[in-house]
Amino acid sequence: GGVPPAIDLVLGATAGCLACFLTNPLEVVKTRLQLQGELQPPGTYHRPYRGVLRAAVAVCRADGLRGLQKGLAAGLLYQGLMNGVRFYCYSHAEDAGWTGYPGGTVAAGAVAGAVGAIVGSPAYLVKTHLQAQTLSAMAVGHQHNHESISSAFRSIYQQHGVVGLWRGVTGAVPRVAVGSAVQLATFASAKDWVCEHQWFRKGSWAAVLAGGMVSGVAVAVTMTPFDVISTRLYNQPVDANGTGKLYRGFLDCILQISSKEGLLGLYKGIGAVYLRLGPHTVLSLFFWDKLRNM
């Protein structure tokens, strides 16, 4: 508390972008792993990406070192929009005293995350498309073949209008709402807990990092199924009317993945999810907390 919501908007956007720049390579790997073997039974498809480290090496071989930063501009735009709005809304909830009620932190985090997801959805759509693109021999999922972030936005808008830019948002809202609620609630609780037990001094960087690390574990476990669904909905091919060719929506995506890939299909890439979300949670909340104190 103590920071005006308008300032939190800027600080949240800045914190998200700083964290995104450092963790985007893991986001690329995570996207490829989640699209690999789409709607195919386990063990029946070619696996060009095996594990986080080997997948990162495979990306470098196919696309060069720069391939690990594919979709960075769209990722920065998404993080700036989503986290700026998310922390702005959460700051308003703090000022209004809503986070002081039982479950208030979770509810405020969920609502703030949902609003942020809606605002940032077009950027996440383009980011997913760009990160999935690679050589045909290493391709997984549908290839949209955009030349750049600007051409991607232009192409989607020309083909499907403004509505097309928000395609897949039904997967993004629950993804970010759940992730945001768990992240903000566990971060605040963990940070307070380690300080109360005098493990770390209140306000120290160690307390902030401890809270972020615990939060990262919780977010990865709860968010991965929603993350897989979101990636699939955003990247799927669409017909002339903008209707998905593979999934009719959020629930249909869950049912298809569960029936064709098994329940573990919903946890594809969980290693990359944590290795990305863990540092991203630590860094974004660390930057946000320290920027607020400054």
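Residues numbered from 1 in each chain as written. Predicted model: local features only at pLDDT ≥ 70, side-chain atom pairs only at ≥ 80, totals over all residues. Heavy atoms only, no water.

J.: I'd like to hear about the overall build of the protein chain, residue by residue, with values.
T.: Scanning the protein chain from N- to C-terminus turns up nine helices and zero strands. Helices (α) and strands (β) of the protein chain occur, in sequence order from the N terminus, as α-α-α-α-α-α-α-α-α. A compact globule built from 294 residues would reach a C-alpha radius of gyration of about 19 Å, and the protein chain, at 19 Å, matches this within 12%. Projected onto the principal axes, the alpha-carbon positions of the protein chain cover approximately 55 × 40 × 35 Å. (Helix = DSSP H or I, 4+ residues; strand = E, 2+ residues; numbered from the N terminus. Rg over C-alpha atoms; globule rule 2.2 N^0.38 Å.)

J.: Run through the UniProt feature "repeat: Solcar" (unreviewed entry) in the protein chain, naming residues and quoting values.
T.: As recorded in UniProt, the sites labelled "repeat: Solcar" (unreviewed entry) are residues 3-96, 100-193 and 203-294. Counted over residues 100-193, helix gives 76% and strand 0%. Its end C-alpha atoms are 16 Å apart. (UniProt positions renumbered as here; feature names shortened; annotations may be inferred.)

J.: Account for unusual backbone geometry, naming residues and giving values.
T.: Phi at Leu-39 takes a positive value of approximately 60°, unusual for a residue other than glycine. Considering the arrangement of structural elements, one finds Leu-39 in the loop between α1 (5-35) and α2 (52-63). A residue is classified by how much of its surface remains accessible, and Leu-39, at 17% relative accessible area, is buried. Here the phi dihedral of Asn-145 falls at roughly 55°; this positive angle occurs in a residue that is not glycine. Within the fold, Asn-145 resides in the loop between α4 (104-132) and α5 (149-165). (Buried < 20%, exposed > 50% of the residue type's maximum accessible area, 1.4 Å probe, protein only.)

J.: Please provide a residue-by-residue account of the pattern of salt bridges, values included.
T.: Overall, the coordinates contain ten salt bridges when judged by the stated rule. Lys-268 is the salt-bridge partner of Glu-261, the closest N and O atoms lying 2.9 Å from each other. Here the two residues Glu-261 and Lys-268 agree in accessibility, since each one is buried. A cluster of three or more residues bridged by salt bridges with shared partners is formed by Glu-27, Lys-30, Lys-127, Arg-175, Asp-227 and Arg-276. (Salt bridge = Lys/Arg side-chain N within 4 Å of Asp/Glu carboxyl O.)

J.: Tell me about the packing of aromatic side chains, and name the residues and values.
T.: If you walk through the whole model with that rule in mind, you get four aromatic pairs. Their ring planes at 65° and their centres at 4.9 Å tell us that Tyr-78 and Tyr-124 sit as a pair that is edge-to-face. Of this pair, Tyr-78 sits in helix α3 (residues 72-95) while Tyr-124 sits in helix α4, placing them 46 residues apart in sequence. An angle of 75° between the planes, with centres 4.9 Å apart, marks the rings of Trp-193 and Trp-199 as edge-to-face. Overall, the relative accessible area of 53% leaves Trp-199 in the exposed class. Joined through ring pairs, the aromatic side chains of Tyr-78, Tyr-124 and Tyr-234 make up one cluster. Sitting over the ring of Phe-87, Arg-86 keeps its end group 4.7 Å from the ring centre. Over the ring of Tyr-124 we find Lys-127; its NZ or CZ atom is 4.2 Å from the centre of that ring. (Phe/Tyr/Trp six-rings, centres within 6.5 Å; stacked < 30°, edge-to-face > 60°. Lys NZ or Arg CZ within 6 Å of the ring centre and 35° of its normal.)

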